[in-house]
Amino acid sequence: MNVEVMVEGRRAPGEEPPKWTDDAEVDGFVDDVMRGLRCRPREIPCKYLYDQRGSELFNAICEVEEYYPTRTEMALIAAQLDAIADFVGPGATLVDLGAGNGEKTGMLLDRLEGLRAWVPVDISPVELRRCARRMKRRFPKLTVAPVCADYTGEWQLPATGPGRRVFAFPGSTIGNFSPEEARWFLRSLAEKAGPGGGLLVGVDLHKDRRILEAAYNDAAGVTAEFNKNLLRRINRECGADFRLESFVHQAVYDEEERRIEMRLRSTEEQALWCGGEQFWFDPGEFIVTEHSYKYTIEAFAALAEDAMWRVRGVWTDRRQYFSVWALEAAPEVTGTGR
Ligand SMILES: C[S@@+](CC[C@H](N)C(=O)[O-])C[C@H]1O[C@@H](n2cnc3c(N)ncnc32)[C@H](O)[C@@H]1O
């Protein structure tokens, strides 16, 4: 997976320009799928939804009427550009986790004073390459240092020199972790940021289940297509023979767990092959393909504090659908910021 994007902009004299890191061969896909199909409930990690087509379909989901998170988060960012720029401060490196098409952080880039580098990190190589190129065209002087990596595994940030490190994690992607996993992940980010480092994170809020279920079961069927695309990918990459017409997309809100559970439900009794093994499905049996946890302001504040972040700002919309947080890594964090 060689990506030729190597872009440079402001950097100190004699400093090496940041390089493209392409260590994110998503190995383990077949193993993870087989393991997921063997367990009960059957479950496949949601990071695999994002092959090239999956990333394109996610961008299309952001446009559907019922999917309020993207519009709401963008409106919050647009309304708080000055406050966010103040929080990031001058001369920072902005690391965009799960950058996708990069549009949300793109709104910020020309507001940030003396930005040292923008580091989009994503598991989806084609989407990452497109977004890096687009941003470089838009901001020719900006150092763009894309990293194709699975941020749940071992990954390295490129050296971008001194200056504050600020992570951006928009899109309510934090909701794909269980609260326990999110605590662990945020804690590891605090170490990577180092004491005083920053994190801007978009968090979807607990609300009426009808709004949530509509958002993940849009009438045009774009989310269904996004979900079923995983079966296409499994057929292609795992030697499987899923028949897409015998699975339906379903997203249900579990009020107790406060999470959307996205499923692919078998409509009939069937046997299918995957990776040389046969799997049986009863009618109604399903594979979980994504969780999206929803928070209250209090619950997320407590989680962030527990993970060594201090809340410096939180912005929500009038309906309290979504929230954007500015967090600062606690002085006790021991990480070097690498
Ligand atoms: C919900 S989308 C959000 C995209 C964008 N940040 C936004 O706010 O619209 C999640 C993004 O994270 C990426 N992603 C998901 N899991 C990942 C992982 N484990 N490591 C790196 N990127 C991941 C996906 O490829 C996708 O671009």
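Here the structure is shown first, and the text comes after it.
Residues numbered from 1 in each chain as written. Predicted model: local features only at pLDDT ≥ 70, side-chain atom pairs only at ≥ 80, totals over all residues. Heavy atoms only, no water.

J.: Help me understand the sheet that holds strand β7 (residues 247-254), please; the structure alone is not making it clear to me.
T.: In sheet architecture, strand pairing relies on hydrogen bonds along the backbone and comes in two forms, parallel and antiparallel. An order of β1-β11-β8-β7 is seen for the four strands of this open sheet, with the pairing classed as mixed. One side of each edge strand has no neighbouring strand; the edge strands of this open sheet are β1 (42-43) and β7. Relative to strand β11 (residues 286-293), β1 is paired through two bridges, and the arrangement is parallel. Looking across to β11, one finds that Arg42 is bridged to Ile287. (Pairing = 2+ DSSP bridges. Helix = DSSP H or I, 4+ residues; strand = E, 2+ residues; numbered from the N terminus.)

J.: Mind showing me how you'd approach the site of the ligand here?
T.: As a structural note, the neighbourhood of the ligand is formed by 17 residues, with Gly98, Lys104, Asp122, Asp150 and Tyr151 the closest of them. Within the contact set of the ligand, an oxygen atom lies 3.3 Å away from a backbone nitrogen or oxygen of Gly171. Alone, the ligand offers 590 Å² of accessible surface; in the complex the protein occludes 95% of this. In terms of residue class, the shell around the ligand is made up of seven nonpolar, six polar and four charged. Two domains each provide a minimum of three residues to the shell around the ligand, namely domain 1 (43-62 + 208-293) and domain 2 (68-207 + 295-329). (Near = heavy atom within 4 Å. Polar contact = N/O pair within 3.5 Å; in protein donor to acceptor, adjacent residues only side chain to side chain. Areas by Shrake-Rupley, 256 points an atom, 1.4 Å probe, with all protein chains shown as cover. Nonpolar A, V, L, I, M, F, W, Y, C, P; charged D, E, K, R; others polar. Domains from an automatic or database assignment.)

J.: Explain the packing of aromatic side chains to me, please; I cannot follow it from the model alone.
T.: The description of two aromatic rings rests on the distance between their centres and on the angle between their planes. Under the criterion given, the structure shown has 17 aromatic pairs. Note on Phe242 and Phe281: the rings are 6.4 Å apart at their centroids and 65 degrees apart in plane angle, and the pair reads as edge-to-face. Here Phe242 is found in the loop between α9 (222-238) and β7, whereas its partner Phe281 is found in strand β10 (residues 277-281), with 39 residues between them in sequence. Phe281 carries the same exposure label as Phe242, and that label is buried. (Phe/Tyr/Trp six-rings, centres within 6.5 Å; stacked < 30°, edge-to-face > 60°. Buried < 20%, exposed > 50% of the residue type's maximum accessible area, 1.4 Å probe, protein only.)

J.: Explain empty space enclosed by the protein here, please?
T.: Summary: where empty space remains is shown by rolling a probe the size of a single water molecule over the atoms. Tallied over the full model, the rule gives two cavities of 30 Å³ or more. As for the largest cavity, its lining consists of 13 residues, and the residues nearest its centre are Ile77, Leu108, Ala168, Pro170 and Leu200. At the level of secondary structure, the elements contributing two or more residues to the lining of the largest cavity comprise α3 (68-79), α5 (103-109), β5 (165-169) and β6 (198-204). Broken down by class, the residue content of the lining of the largest cavity amounts to nine nonpolar, two polar and two charged. (1 Å grid on protein atoms, 1.4 Å probe; cavity = no way out; pocket = protein on both sides within 12 Å on 5 of 7 lines; lining within 4 Å. Points joined across faces, edges and corners; volume = space filled by probe spheres on them.)

J.: Sorry if this is basic, but what is going on with the pairing of β5 here?
T.: Along any regular strand the residues' side chains alternate between the sheet's two faces. Most of β5 is tucked away, with five of its five residues classed as buried. One ladder, built from four bridges, connects β5 with β6; its direction is parallel. Looking across to β6, one finds that Phe169 is bridged to Val201. Between the parallel pair β5 and β6, the chain is carried across by helix α7 (residues 179-193), and the sense of this crossover is right-handed. (Right-handed = clockwise from strand over helix to strand, strands pointing away.)

J.: How should α3 be read in this particular structure?
T.: Given 3.6 residues per turn, any residue in an α-helix points the same way as the ones three and four places further on. Here α3 is 12 residues long and its end C-alpha atoms lie 16 Å apart, about the 16 Å a rise of 1.5 Å per residue gives. Listing the buried residues of α3 in full gives Tyr68, Pro69, Thr70, Thr72, Glu73, Leu76 and Ile77. Where α3 is buried, its residues contact α4 (81-88), α5, β6, α8 (209-216), β12 (309-316) and β13 (322-329). (Expected span 1.5 Å × (residues − 1). Contact = heavy atoms within 4.5 Å.)

J.: Would you explain the environment of Tyr321 in this entry?
T.: You can see Tyr321 is positioned in the loop between β12 and β13. Since its relative accessible area comes to 14%, Tyr321 is described here as buried. With 25 residues separating them along the chain, Tyr321 and Thr296 place their C-alpha atoms 10.0 Å apart. With near-sequence residues (within four places) excluded, Tyr321 lies in contact with Tyr68, Thr72, Asp204, Leu205, Lys207 and Ile211.

J.: Would you explain the nonpolar core in this entry?
T.: Burial of nonpolar side chains together is a common tendency in soluble globular proteins. In terms of nonpolar packing, the biggest core is built from 37 residues, with Val33, Leu37, Ile44, Ile234, Phe242, Cys274 and Phe281 touching the most fellow members. Going through the elements one at a time, α1 (29-38), α2 (52-61), α8, α9, β7, β8 (259-266), β9 (270-274) and β10 are the ones with two or more residues in this core. Core analysis: the second largest hydrophobic core is formed by 36 residues, Val95, Leu186, Phe300 and Met308 among them. (Core = buried A, V, L, I, M, F, W, Y, C linked by side-chain atoms within 4.5 Å.)

J.: Explanation requested: unusual backbone geometry in the structure shown.
T.: Of all residues except glycine, most have a negative phi; of all peptide bonds, most are trans. Each neighbour pair has its own omega, and for Arg40 with Pro41 the value is -10 degrees, a cis peptide bond. On the secondary structure map, Pro41 appears in the loop between α1 and β1. Phi is positive for Ser172, close to 55 degrees, though the residue is something other than glycine. Here Ser172 is to be found in the loop between β5 and α7. Looking at Ser172, the relative accessible area reads 5%, which means it is buried. The residue Arg258 is not glycine, and still its phi comes out positive at about 55 degrees. Judged by relative accessible area, Arg258 falls into the partly exposed class, the value being 31%.

Coordinates in, geometry out; function isn't part of it.
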